[in-house]
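Listed below, chain by chain, are the residues.
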Amino acid sequence: MIDKTRLPETLFRPSRRQILAGMASAGAMLGGLTGPASAQKRITITEGEFAPVPIAIPNFAAGTPGDAEVGVGVTQVITNNLKRSGLFAPIDQAAYLEKQINIDAAPNFNNWKSINAQALVTGRMTRQGNGRVKAEFRLWDVNTGQQLAGQQYDASAEYWRRIAHIISDQIYERMTGEKGYFDTRVVFVDESGSADRRVKRLALMDQDGANVRYLTRGSDLVLTPRFSPSTQEITYMEFGQGDPRVYLLNIETGQREIVGNFPGMSFSPRFSPDGQRVIMSLQQGGNSNLFVMDLRSKSMTRLTDTPAIDTSPSYAPDGTRLCFESDRGGKPQIYVMPATGGAAQRISFGDGTYSTPVWSPRGDYIAFTKQGGGQFAIGIMKPDGSGERILTSGFHNEGPTFAPNGRVLMFFRDPGGNSGPSLFTIDVSGRNELRVPTPGFASDPAWSPLLS
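Because the structure is a prediction, the values reported are computed rather than measured. (Residues numbered from 1 in each chain as written. Predicted model: local features only at pLDDT ≥ 70, side-chain atom pairs only at ≥ 80, totals over all residues. Heavy atoms only, no water.)

**Examining the packing of aromatic side chains**
In step 1: Per the stated rule, a full pass over the model turns up 12 aromatic pairs.
In step 2: When the centroid spacing of 5.7 Å and the interplanar angle of 80 degrees are considered together, the rings of Tyr172 and Tyr181 count as edge-to-face.
In step 3: These aromatic residues form a ring-pair network of at least three members: Phe88, Tyr172, Tyr181, Phe182 and Trp447.
In step 4: In this structure, Arg201 packs its charged tip against the face of Tyr214, placed 3.7 Å from the ring centre.
In step 5: Its guanidinium or amino end placed over the ring of Tyr335, Arg328 lies 5.3 Å from that ring's centre, counting from NZ or CZ. (Phe/Tyr/Trp six-rings, centres within 6.5 Å; stacked < 30°, edge-to-face > 60°. Lys NZ or Arg CZ within 6 Å of the ring centre and 35° of its normal.)

Written out as structure tokens, the structure is:
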């Protein structure tokens, strides 16, 4: 049976829900060759030594003349996604005994066993009469000869990269048992110009650095963009000619709304898990406290009342607790408290100072920036403060943000001097640190939820 999906055209880019709901579905899998995909092939992810799974990804075949280029492009995006995850080791195509495979027939698995492939992806891109493209793929377990996954998509030709990300997520989830994170976007602060006259614009890109577009012109200073966990909407701060303002921006429609003007406001407006509230830190004299605003009623509720600086709040994914940064103990540390306010418990006790805490979407970790001894480290700890681990350390690492599956962190690193900040990703195990390509300097990233 074949499951067809259609990508509708929208002002910006369609959501995953729009992709997967566009056409009537007759079934989820491309079947008919080996029966149901019942093999339990799984990558076991551990914190210790780990060997990426060798996977073969031949170029997607061209269903009609002229489709070879888009087939190669889709293959390259899938290959790069899986390689950058650190869990897969795509095999060089030069080693293949077969360069292209007929997706309608079972592969000759001996040819793939001989180059030590454990998994095989086959696919085809076909131009339709209406100008759209049909994308098909199958995922195979080379050792057992079983089909693990198969899907077909019908899409406007301009969305071929989007389809490649969705296929990557399907492969990742089938092989690891965890949701993927490739069909996502990242909002960040694009920085250009000299260090003393830096222009900062709000920018949006795919998680792999492609399709960059700018959301602000750079005439005003923008800071701390944050995605809603439930929608394709962001909140951020902007410093113009008057008081700092907090904005909401809908990525799909381009509609922008002022949350409010907050004289003396510090950083870090951030959404609640349901997207209905924004929590923030308001400065009052020499101290700052946490407040939450209901976006429907615009009512404000005060959560902390101390002479200290409380800032950088982040909700637990179930919305019941908050982590935040506070110097109420003498220097910045991480605290956890109920989301409605009340007694706060300190959870960071290592040497140095702790800042920019953010709760994992899985709820298992809190990521942070740790400063001490001239080093800026990105680390994680459990919500009770146990199990602290430093993932990477160097000069001026800051601003961690989790991928929606909680497996990968993105952060920025600024070496100082005449240079500027760049974005990096790293696995929560501390492996696979990679630079994310951006047009120029880039800071303060925030990862979107899956595009659904």
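**Some words on the environment of Thr353**
In step 1: Tracing the backbone through its elements, the reader meets Thr353 in strand S22 (residues 353-359).
In step 2: Between the C-alpha atom of Thr353 and that of Pro332, which follows or precedes it by 21 residues, the distance is 5.3 Å.
In step 3: Once residues lying within four places of it in the same chain are set aside, the contact partners of Thr353 are Lys331, Pro332, Thr369, Lys370 and Gln371. (Helix = DSSP H or I, 4+ residues; strand = E, 2+ residues; numbered from the N terminus. Contact = heavy atoms within 4.5 Å.)

**Some remarks on helix H4 (residues 160-176)**
In step 1: The terminal C-alpha atoms of H4 lie 24 Å apart, and with 17 residues this matches the ideal 24 Å at 1.5 Å per residue to within 8%.
In step 2: For H4, the tally of buried residues reaches 14 of 17 residues, placing the bulk of the element in the interior.
In step 3: Gly177 sits one or two positions beyond H4 and adopts a positive phi of about 80 degrees. (Expected span 1.5 Å × (residues − 1). Buried < 20%, exposed > 50% of the residue type's maximum accessible area, 1.4 Å probe, protein only.)

**What about the sheet that holds strand S24 (residues 375-381)?**
In step 1: Spatially, four strands are ordered S22-S23-S24-S25 in an open sheet, and the strand pairing comes out antiparallel. Looking at strand neighbours, the two that pair on one side only are S22 and strand S25 (389-394), the edges of this open sheet. Averaged over all pairs of adjacent strands, the angle between their axes in this sheet comes to 20 degrees, without regard to strand direction.
In step 2: Note: strand S23 (residues 366-372) against S24, seven bridges, orientation antiparallel. Within the sheet, the bridge partner assigned to Ala367 lies in S24 and is Ile380. (Pairing = 2+ DSSP bridges. Axes fitted to C-alpha atoms, helices over the stretch in contact; angles between N-to-C directions.)

**Topic: helix H2 (residues 68-85)**
In step 1: For H2, which comprises 18 residues, the first-to-last C-alpha distance of 26 Å matches the rise-based estimate of 26 Å (1.5 Å per residue) to within 8%.
In step 2: Taken together, the buried positions of H2 are Val70, Gly71, Gly73, Val74, Thr75, Val77, Ile78, Asn81, Leu82 and Ser85.
In step 3: Where the residues of H2 are buried, they touch strand S1 (53-56), strand S3 (88-90), strand S4 (119-127) and H4.
In step 4: Directly after H2, the chain includes Gly86, whose backbone phi takes a positive value near 80 degrees.

**Re the side chain of Arg132**
In step 1: Along the chain, Arg132 turns up in the loop between S4 and strand S5 (133-141).
In step 2: A distance of 3.2 Å separates a polar atom in the side chain of Arg132 from a polar atom in the side chain of Asp154. (Polar contact = N/O pair within 3.5 Å; in protein donor to acceptor, adjacent residues only side chain to side chain.)

**Focus: the pattern of salt bridges**
In step 1: Following the criterion strictly, the structure yields 23 salt bridges and no others.
In step 2: Here Asp183 and Arg162 are joined by a salt bridge, their closest N and O atoms 2.4 Å apart. Here Asp183, found in the loop between H4 and strand S7 (185-192), pairs with Arg162, found in helix H4; they are 21 residues apart in sequence, far enough to count as distant.
In step 3: Judged by relative accessible area, which is 1%, Asp183 ranks as buried.
In step 4: Through salt bridges with shared partners, a single ionic network connects Asp104, Arg124 and Glu136. (Salt bridge = Lys/Arg side-chain N within 4 Å of Asp/Glu carboxyl O.)

**Focus on empty space enclosed by the protein**
In step 1: Inspection of the entire model under this criterion finds one cavity of 30 Å³ or more.
In step 2: What lines the largest cavity is a set of 14 residues, among which Arg84, Ser85, Tyr181, Val408 and Thr425 lie closest to the centre.
In step 3: Contributions of two or more residues to the lining of the largest cavity are made by H2, strand S27 (408-413) and strand S28 (422-427). (1 Å grid on protein atoms, 1.4 Å probe; cavity = no way out; pocket = protein on both sides within 12 Å on 5 of 7 lines; lining within 4 Å. Points joined across faces, edges and corners; volume = space filled by probe spheres on them.)

**Considerations on the environment of Val189**
In step 1: Here Val189 lies in strand S7.
In step 2: Residues Val189 and Leu215, spaced 26 residues apart in sequence, show a C-alpha to C-alpha distance of 9.9 Å.
In step 3: With residues near it in sequence (within four places) discarded, Val189 still touches Lys200, Arg201, Val222, Pro225, Phe441, Ala442, Ser443 and Asp444.

**Some thoughts on the confidence of the model for the protein chain**
In step 1: In this model, the protein chain carries an average pLDDT of 87, and 87% of its residues clear a pLDDT of 70 or more.
In step 2: Every residue in residues 1-28 scores below 50 in pLDDT, and together they form 82 contacts with partners more than four places removed in sequence or on other chains.
In step 3: Low confidence marks residues 35-39, where pLDDT is under 50. Its contacts with residues over four positions away, or in another chain, come to 11 contacts. (pLDDT = per-residue confidence, 0-100.)

**Description of the packing of H2 against H4**
In step 1: Two elements in contact, H2 and H4, have axes whose closest approach is 9 Å; the angle formed by their N-to-C orientations is 45 degrees. By the criterion of interaxial angle, the relationship of H2 to H4 is oblique. For the pair H2 and H4, the sense of crossing is right-handed. On H4, the residues touching Val70, Gly73, Val74, Val77, Ile78, Asn81, Leu82 and Ser85 of H2 are Trp160, Arg161, Ala164, His165, Ile167, Ser168, Ile171 and Tyr172.
In step 2: For the contact of H2 with H4, a count of residues per class yields 10 nonpolar, five polar and one charged. (Parallel < 35°, antiparallel > 145°, perpendicular 65-115°, else oblique. Left-handed = near helix turned anticlockwise from the far one by under 90°. Nonpolar A, V, L, I, M, F, W, Y, C, P; charged D, E, K, R; others polar.)

**A short note on the nonpolar core**
In step 1: Ranked by internal contacts, the top residues of the largest apolar core, which has 44 residues, are Ile78, Phe137, Leu139 and Ile171.
In step 2: With seven residues, the single largest contributor to this core is H4.
In step 3: Residues Met237, Met280, Met293 and Leu295 belong to the second largest nonpolar core, which totals 13 residues. (Core = buried A, V, L, I, M, F, W, Y, C linked by side-chain atoms within 4.5 Å.)

**Comments concerning the pairing of strand S30 (residues 441-447)**
Strand residues, when the strand is regular, have side chains that alternate between the two faces of the sheet.
In step 1: The buried fraction of S30 amounts to six of the seven residues, a majority that puts the element mostly inside the structure.
In step 2: Pairing of S7 with S30, which is carried by five bridges, proceeds in the antiparallel orientation. Along S30, the bridge assignment pairs Val187 with Ala446.

**Re the layout of surface pockets**
In step 1: Space inside the second largest pocket adds up to approximately 420 Å³.
In step 2: In terms of lining, the second largest pocket is formed by 24 residues, of which the most central are Phe227, Pro229, Arg270, Trp359 and Pro361.
In step 3: Of all elements in the fold, only strand S10 (221-227), strand S14 (270-271), strand S18 (310-315), S22, strand S26 (397-402) and S30 reach the threshold of two or more residues within the lining of the second largest pocket.
In step 4: Looking at side-chain class alone, the lining of the second largest pocket contains 16 nonpolar, six polar and two charged residues.

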